[in-house]
Structure formats: structure tokens, C-alpha cells
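Tertiary structure, described
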Amino acid sequence: MRINTNIVKRQVTNWILRLFLILTSFIFLYPFVWNLLSSFKTNTEYLTDPYSLPAGLNFENYINAVKKANMASYFLNSIYVVVLATIILLVFVVPISYCLARYRFFGSKVILNIYMACIFLQATYIMIPLFLELQAVNGLDNRTMLALVYAVMQFPFAIFTLRGFISALPTDYEEAARIDGGSNFKILLNVIIPLCKPGIATITMLTAMGFWNEYPLALVIMTDDTKKTLPIGLANLFEVQKYATDWGALFAGLILVLIPTAGIYLIGQRQLLLGISLGGLKG
Amino acid sequence: MAKKPKLFIAVCTLPVIFLTLVFMIFPMFNAIYLSFTDSTALNVGTASRFIGLDNYKYMFQDKSFFQSLQNTIKLMAVVPVLTLFFSLIFAFVLTQSKLREKAFYRTIFFFPSIISLTIVGIVWSSVFNPNKGILNHLLELLNLENLQHAWLGESKTALWCVAAALIWQAAGYYMVMYIASIDGISKEVYEAADVDGARGIQKFFFITIPLLRNVIGITYVLSLSGTINLSFTLSNVMTAGGPNGASSVLLQYMYTQGMRNANFGYAMAIAMFTLAAAVVLSLLSRRLTDRTD
């Protein structure tokens, strides 16, 4: 008898929890689903009843978003900036992290402490001096410059994480390679980088997503409409739609921005969640 | 270990240090310097004058500044506590329950924290849209028309709409951190509690929260600085600080002063004030939660 009531009790609790979780999931998902459905509706459909199902799969909004609303060029700009920034970041960060992990040299402690303090320095605080600096060297509206600035902003987090990762690696492989007469550069390339792959993958994912979503710096640095990245372009489109009535293109644009993020999330969720426990992303 | 390869170290570190100096340290010092000058778009650089603390003094006579300060304080009082409360509950339920589809909920709850804040802002603007918005529609379905508002368009509600979006996008992020820490608590502790007949809620308050105290302290600091920082993007996208500054926050007001009115000096005084406040608050709350027993 007692066991029986226990099982019943357990079942009831399970269903209460499940109900709670499903309701919460609804709050998390419904705004997206609503946007997705709206992106397939014609403007008349949307204006008559925003809560009906779309009459069919109407891709006109997507075509409008790409052609009229410049989404295609925002998209390409974003890809260019994200890829370049990630490459710059890794090329610069891996070697210095290796040195900081393995050697004590003049200033190494100071460097580490400065980067640790800089983790807390958010780009928003210095966006205006950066704007002035780039303006002075004609660096505004320049995608390559934006990528460089993005990479530098992530130096502290990336160096800190990667240095920790390398410090935890055994030195045996390096020493063996050194005995074989490998130069430092070769050891870095052929021994350290392969060993660091998990750390590098996590950093790449976290920072690339951050670059893809970045708003404050792009807002002040990219003012020319053809050079804007997706978050700025989309915010702009949203601003315009408040007064115009072509909602469809906005919803379609939103979905277009979400697709790569959602894709990467589903593929690399494990890596990403691991990275969060290391402390990264937005903060 | 072999002899220190000086050249190798120099090649590896100097470019990074140079770039950091150019794009982080210099702008930081420039921000501090600008905050003591009267530089505007017209007299930036050598043409600007050093005016000491005038910008900071002016700040405390500026009504709009006070409004954004007040709004930021309101957000900081409400958003971190609620966010972490929800994150803890999600993490606790997802780690303790034996539901098969747990991973599915975790995936969904975490999703908002990886998407662009622009999208969060736009999506929540459509939730709060007065005519077509999801919230007003829901209230209509529930026959609660008297609770309907213009939300983002009303000065009483606009800031809280931004707060809702902030909580919604961050709850999953801290949940993941908590899940990792709860997984670190040995199973035996919970099993012993089971034997003693502890109920779920008791376990939550007497085991999970006390054992996670340190993590909660860290996430509280993160959430405080996150609120100051992320509220800029959300308030800028959702309301641009409106109506009439009712949802403006410190960094958003800094942006308005700096980029719209081109008052660089004054804007940087606001930025430095905000940064100092963020650092002091973080240190204080760390000190309070880090009391080792």
C-alpha cells in the first residue's frame, strides 16, 4: 500500500513539474513561433488577424527582406566581420596564451592582471572614444576595422580562458618535440594547437556568436547603410517599420538572422554550455 | 625547461599588447580625459578646454540624468533578483526531476541568451505592441481588457517591459551555470535528505541555496553588471529611452548625449560615473556574499 501511494505521489509531482515546464517553455517559445508564422503572412493577413495561421507558405516577405530591405548586404557584412574577427582573434590569442601559460617573463604578471581587469570593461563604456579614434584615422564604416576592434575586445576573455586551458596540459609532448629539435614556433603549431582544439573550439563558438550579435560598437562605427551588420540593419528596419506598414519583411528578416544562430546552437550545444560554465558570452 | 626564448615570446606577445593599447587602454584613458573637458563635435581634440569637474557637477543638476539613474537603479533592484530566482528554480527542477525530456527544456530556456539582443528587443516589442501585441491579445482572451496598456508607449510601464525582456533573455544563461554547480553537489547529500523525508521545497531552501551561495554571489555580480550593460541595447531598440525618457538608462543617456547631441565630454563623464558605480557595486556585493564561514 505504502509503496503504491508513493508511486502515485511521484507521478502527480512529475505531472505538476511537467505542466510548469511546458508553460514556461511556451513563454520562451511562443514569441518566436508567432514571429515565424507572421513571416509567412501577407500584410493584409497580418492586419486582419495576427493570430490566425498563415494561408500558405508565402515567401514574398523573405524576398522583400533580401531585396528591398538590404538584408542580403547586412548578412554578407556580418559574415565577413564575424569570420575575419574570429580569425584575427585566434591568430593573436593562441601564441600569447601559450607564452603566458609556459613562461614567466618581464611583465608577464602585469599583462595577466591587466587582461583580467579588462574582462569587466564592456565595450559600451568606450564606444565613443573608439568612435573618435577611428574617425581620426578614417576607420569608420570599414568592415575590416570593425572586425579588428571586435577581436581586440575579446582578447581578455580569450587569453584568460586559453591560458588556463594550456596550463592544465601536460608538458611531456612539448619536451619530446624539443628534444627532437623542434623550434618554438613548430611546437606551438604542431603540438600545442592540436592539443588545444577543445579550448579553441569553445572560444571560437562563444566569441563568434558574440560578434554575430554585437550591437553597441557596430552602432557607432558603421553608419553607412551599405556597411551595416545584421543587428544594426535589423534594428534600423524595425525603426522604419514602426511608421511604415510592411511588417512581413521585418519578421522575415528576424527569422533570417536567427537561422544561423539556431543552427550553430543545435550543433554545438555541448561546447557552448561548457563555455558558459567557464564564464563567457554576454555577461 | 629550456632557456627562455626571448625572441619567440616577444613576437607572440608584443602585437597583442600593441593592439590592446590602441583599441582598449588608450580609449579608456581618453574616456577619462574627455570627461574633464568640454569637447563636442565642434571642438574635439586640441580645441577643447580642460574644465575639471564641471561635467560631473553638471550631471547632478541634469534632470534627464537623474531620470536615467533612477531607472537604472530600479532595474538593478529588480532584474538580477528575479532573473536569478527563476534561474535557480529552473536549474533545481531540471536537475532534481526525473523527467525524460529534461534536455529539451534546457535547450529551450537557454536559447534566448544566445540570440542577438536586437532580436530580443524586437520580439518583445511585438509582445508589448498595443494593437497587435501578444500580451494585450492574451488579456483580451482572458476577458481582462481593463488591464490592457500601451506598454512601451506609457511612461509607467515602459521600463518594466524592458525589465521583462532582460529577465527573459538572461534566465537561461544563469540556469546553465547553476545546473553545472548543482551537478557538482554530491548525490549523497540529496539522498540523505530523501531518507530524512525532506520534500522538494525543503531541499531547495536547505540544501541547494546554501551550497550554491558562492555561485549565487558570483552570478549576482555578473547579473548586476549585465543589467547595466545590456539594458542599453534593449532600451535603445525597444523604446529609444522613451516615452520622454521614462525608460532611458545610464548608458543609453550617455549614447544620446554623445552620439546624438555630440557632447563627448559630458557623455564620458556619465560613462565614467556608470563604470565606477558598476565596479563599486560588484566589489561590495562580492564582499557581502563571499563571507567565508
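Residues numbered from 1 in each chain as written. Chains lettered and ligands numbered in written order. Predicted model: local features only at pLDDT ≥ 70, side-chain atom pairs only at ≥ 80, totals over all residues. Heavy atoms only, no water.

This part takes up the packing of aromatic side chains. Across all of its chains, the model carries 39 aromatic pairs over all chains by this definition. Ring centres of A:Tyr98 and B:Phe8 lie 6.1 Å apart, and the angle between their planes is 75 degrees; this geometry places the pair in the edge-to-face category. Within this pair, whereas A:Tyr98 is found in helix H4 (residues 71–102), its partner B:Phe8 is found in helix H1 (residues 6–34), the two belonging to separate chains. When its relative accessible area of 12% is taken as the criterion, B:Phe8 is described as buried. Ring geometry for B:Phe232 and B:Tyr255: centres 5.7 Å apart, planes at 65 degrees, overall edge-to-face. In this pair, B:Phe232 is assigned in helix H10 (residues 213–238) and B:Tyr255 in helix H11 (residues 250–260), connecting sequence segments 23 residues apart. In this structure, A:Arg18 packs its charged tip against the face of A:Trp15, placed 4.6 Å from the ring centre. (Phe/Tyr/Trp six-rings, centres within 6.5 Å; stacked < 30°, edge-to-face > 60°. Helix = DSSP H or I, 4+ residues; strand = E, 2+ residues; numbered from the N terminus. Buried < 20%, exposed > 50% of the residue type's maximum accessible area, 1.4 Å probe, protein only. Lys NZ or Arg CZ within 6 Å of the ring centre and 35° of its normal.)

Once that is clear, we can look at the packing of helix H6 (residues 127–136) of chain A against H11(B). Across the interface, H6(A) lies against H11(B) with an axial gap of 10 Å and an inter-helix angle of 20 degrees. As the angle between them shows, H6(A) and H11(B) are arranged roughly parallel. The hand of the H6(A)/H11(B) crossing is right-handed. Between H6(A) and H11(B), the residues in contact are A:Met127, A:Ile128 and A:Phe131 and B:Met254, B:Tyr255, B:Gly258 and B:Met259, respectively. For the contact of H6(A) with H11(B), the class distribution of residues is six nonpolar, one polar and no charged. (Axes fitted to C-alpha atoms, helices over the stretch in contact; angles between N-to-C directions. Parallel < 35°, antiparallel > 145°, perpendicular 65-115°, else oblique. Left-handed = near helix turned anticlockwise from the far one by under 90°. Contact = heavy atoms within 4.5 Å. Nonpolar A, V, L, I, M, F, W, Y, C, P; charged D, E, K, R; others polar.)

This part takes up unusual backbone geometry. Residue and element names in this part refer to chain B. Phi is positive for Trp151, which is not a glycine, with a value near 45 degrees. With respect to the helices and strands, the residue Trp151 is situated in the loop between helix H6 (134–141) and helix H7 (158–184). What makes Trp151 buried here is its relative accessible area of 14%. In this model, Asn244 sits at a positive phi of 55 degrees, which is unusual for a non-glycine residue. Tracing the sequence through the fold places Asn244 in the loop between H10 and H11. Looking at Asn244, the relative accessible area reads 77%, which means it is exposed.

A general tendency of soluble globular proteins is for nonpolar side chains to be buried together. Among the nonpolar cores identified, the biggest contains 190 residues, and A:Phe155, A:Leu217, B:Phe23, B:Phe109, B:Trp124, B:Met238 and B:Met254 are the most heavily contacted of them. Apart from the residues within four sequence positions on either side, B:Met254 is in contact with A:Thr124, A:Met127, A:Ile128, B:Ala267, B:Met268, B:Ile270 and B:Ala271. (Core = buried A, V, L, I, M, F, W, Y, C linked by side-chain atoms within 4.5 Å.)

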